[in-house]
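# Close look at the chain arrangement
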Amino acid sequence: MARPRPAEGAGTCSEACGQPRAAGRRGGGDPPPARGGLLDTRAPATRRSQSCGTMAPVSGPGTKKGILERLDSGQVVVGDGGFLITLEKRGYVKAGLWTPEAVVEHPNAVRQLHMEFLRAGANVMQTFTFSASEENMESKWEEVNAAACELAREVAGKGDALVAGGICQTSIYKRHKDEARVKKLFRLQLEVFTRKNVDFLIAEYFEHAEEAVWAVEVLKASGKPVAATMCIGPEGDKHGVTPGACAVKLVQAGASIIGVNCRFGPDTSLKTIKLMTEGLQAAGLKAHLMVQSLGFHTPDCGKGGFVDLPEYPFGLEPRVATRWDIQKYAREAYNLGVRYIGGCCGFEPYHIRAIAEELAPERGFLPQASDKHGSWGSGLNMHTKPWIRARARREYWENLLPASGRPFCPSLSKPDF
């Protein structure tokens, strides 16, 4: 029998499932989030609290608040996951240019992935417009951007999700650093996003702070909220600008939400977020924080991230994070003050569900996809084999050291560059 769904707006663990919050959760002894959900300088809670496995899911759209309204109130926003690598594996994207023609050629495939992320708990449907500039797609660019907006809006309308129009770094910047030409490419995409009335804008995957600032300046002119994320690690951008200095530049340019995405795994991404936080604190600036890491473990990356590893892009499967790894990532991000938490390449819908489940007590509900997923393996209690039933507990999965099944393979690689 399906679990009952509470009325829209059930806001606490005890309200939703009749059980008290676990200690360490907000409302269970921890301090509340910073006012307005902005960066708070107080020491965060350090204990990772236990998700409630019996909280009932909710579904359907509510009254949609804007991205800043949500973050200003301290609400957790769950981002979506990766499209490029996931759709390449499914046969809809070609590796190399990584351009998103699939929104026109195979719209059902893109729609299905959006739907999976929505059911998993995502509050944001980001347009599949990575590398969809005139520079990369020539005459196709406008049709692709428009179709991507329409697909994202269609799916977002089925739940309490917002649509974010996304742009990324250009090749022109690396070759010529021509500000006028780079900004023109951004403006062309922005014109489509404005016409399609996306809810907010994301400038993502920038490895140079200067180009990211140019992107923010263009997007800010729309009057819509702007998020900016860089694909950097703790060493900073390709020009040697530190993460803290990158954060300051993005906020000063007008970004309301800043952080990192892609290129690095969960642990490294959170280290970079911490450095960004320190930079903002030193400069006396505030911003909402956002992290969308890889769904792969990449502790052996160099400054360029996972693209320099010999396994990129077709041999990364042994590095995939488990759902339990991602629950840990979500909790640690939350404790750092991050309130917009999602994923990038390698992040599958079940990873997004892990974020939503870990932060369910803060959000007040579980996602639809949790109907078929018991908390911390609790569904294994029904198994006929006692040694498998014994795995139906948090301690087992939280402390598991998973084997790769490849006895002759190293645990780490040496980057090619």
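Up top is the structure.
Here is a short report on the structure shown in this document. Because the structure is predicted, anything quoted here is derived from the model rather than measured.

On to the pairing of strand S7 (residues 288-293). Burial of S7 is extensive: six of the six residues sit out of reach of the surface. Residues His 288, Met 290 and Gln 292 point to one face of S7 and Leu 289, Val 291 and Ser 293 to the other, with burial holding for every one of them. Across five bridges, the pairing between strand S6 (residues 257-261) and S7 is parallel. Pairing of Ile 258 across the sheet is with Leu 289, part of S7. One crossover worth recording links S6 to the parallel S7 by way of helix H12 (residues 266-283), and it is right-handed. Pairing geometry for S7 and strand S8 (residues 340-343), over four bridges, is parallel. In the sheet register, Met 290 faces S8, and the bridge partner there is Tyr 340. In this region the chain leaves S7, passes through helix H13 (residues 323-335) and returns to the parallel neighbour S8; the handedness of that crossover is right-handed.

A few words now on the layout of surface pockets. The volume enclosed by the largest pocket comes to roughly 880 Å³. Lining the largest pocket we find 28 residues, and of these His 297, Pro 318, Arg 319, Pro 402 and Ser 404 sit closest to its centre. Looking at the lining of the largest pocket, the elements that each hand over two or more residues are H13 and helix H17 (394-399). The element contributing the most residues to the lining of the largest pocket is H13, with three residues. Partitioned by chemical class, the residues of the lining of the largest pocket number 14 nonpolar, six polar and eight charged.

Turning next to empty space enclosed by the protein. Using the criterion set out here, one finds two cavities of 30 Å³ or more in the structure. By volume, the second largest cavity is sized at about 40 Å³. Lining the second largest cavity, in full, are Thr 129, Ser 131, Ala 132, Ser 133, Asn 136, Gly 166, Ile 167, Cys 168, Gln 169, Thr 170 and Gln 189.

At their nearest, the axes of helix H5 (residues 107-120) and helix H7 (residues 141-156) sit 9 Å apart, and the two run at 40° to each other. Here H5 lies oblique to H7, going by the angle between them. In terms of crossing hand, the pair formed by H5 and H7 is right-handed. Residues Pro 107, Val 110, Arg 111, His 114, Met 115 and Leu 118 of H5 pack against Leu 151, Ala 152, Glu 154 and Val 155 of H7. When the residues that make up the contact of H5 with H7 are grouped by side-chain class, the tally is seven nonpolar, one polar and two charged.

On the secondary structure map, Glu 348 appears in the loop between S8 and helix H14 (349-358). Between the alpha carbons of Glu 348 and Phe 83 there is a distance of 8.7 Å; along the sequence they are 265 residues apart.

All right, on to the side chain of Arg 263 then. Relative to the helices and strands, Arg 263 is located in the loop between S6 and H12. Among the polar contacts made by the side chain of Arg 263, one reaches the side chain of Glu 207 at a distance of 3.1 Å.

What follows deals with the nonpolar core. In terms of nonpolar packing, the biggest core is built from 103 residues, with Met 125, Phe 128, Leu 250, Ile 258, Val 291, Phe 306 and Ile 355 touching the most fellow members. In terms of residue count, the dominant contributor to this core is H7 (ten residues).

Here we come to unusual backbone geometry. Between Tyr 312 and Pro 313 the backbone carries a cis peptide bond, its omega angle lying at -5°. Take Pro 313: it is sitting in the loop between S7 and H13. In this structure, Lys 177 is a non-glycine residue whose phi angle is positive, near 50°. Secondary-structure assignment places Lys 177 in the loop between helix H8 (171-176) and helix H9 (179-195).

Cut-offs applied
- Residues numbered from 1 in each chain as written.
- Predicted model: local features only at pLDDT ≥ 70, side-chain atom pairs only at ≥ 80, totals over all residues.
- Heavy atoms only, no water.
- Buried < 20%, exposed > 50% of the residue type's maximum accessible area, 1.4 Å probe, protein only.
- Helix = DSSP H or I, 4+ residues; strand = E, 2+ residues; numbered from the N terminus.
- Pairing = 2+ DSSP bridges.
- Right-handed = clockwise from strand over helix to strand, strands pointing away.
- 1 Å grid on protein atoms, 1.4 Å probe; cavity = no way out; pocket = protein on both sides within 12 Å on 5 of 7 lines; lining within 4 Å.
- Points joined across faces, edges and corners; volume = space filled by probe spheres on them.
- Nonpolar A, V, L, I, M, F, W, Y, C, P; charged D, E, K, R; others polar.
- Axes fitted to C-alpha atoms, helices over the stretch in contact; angles between N-to-C directions.
- Parallel < 35°, antiparallel > 145°, perpendicular 65-115°, else oblique.
- Left-handed = near helix turned anticlockwise from the far one by under 90°.
- Contact = heavy atoms within 4.5 Å.
- Polar contact = N/O pair within 3.5 Å; in protein donor to acceptor, adjacent residues only side chain to side chain.
- Core = buried A, V, L, I, M, F, W, Y, C linked by side-chain atoms within 4.5 Å.

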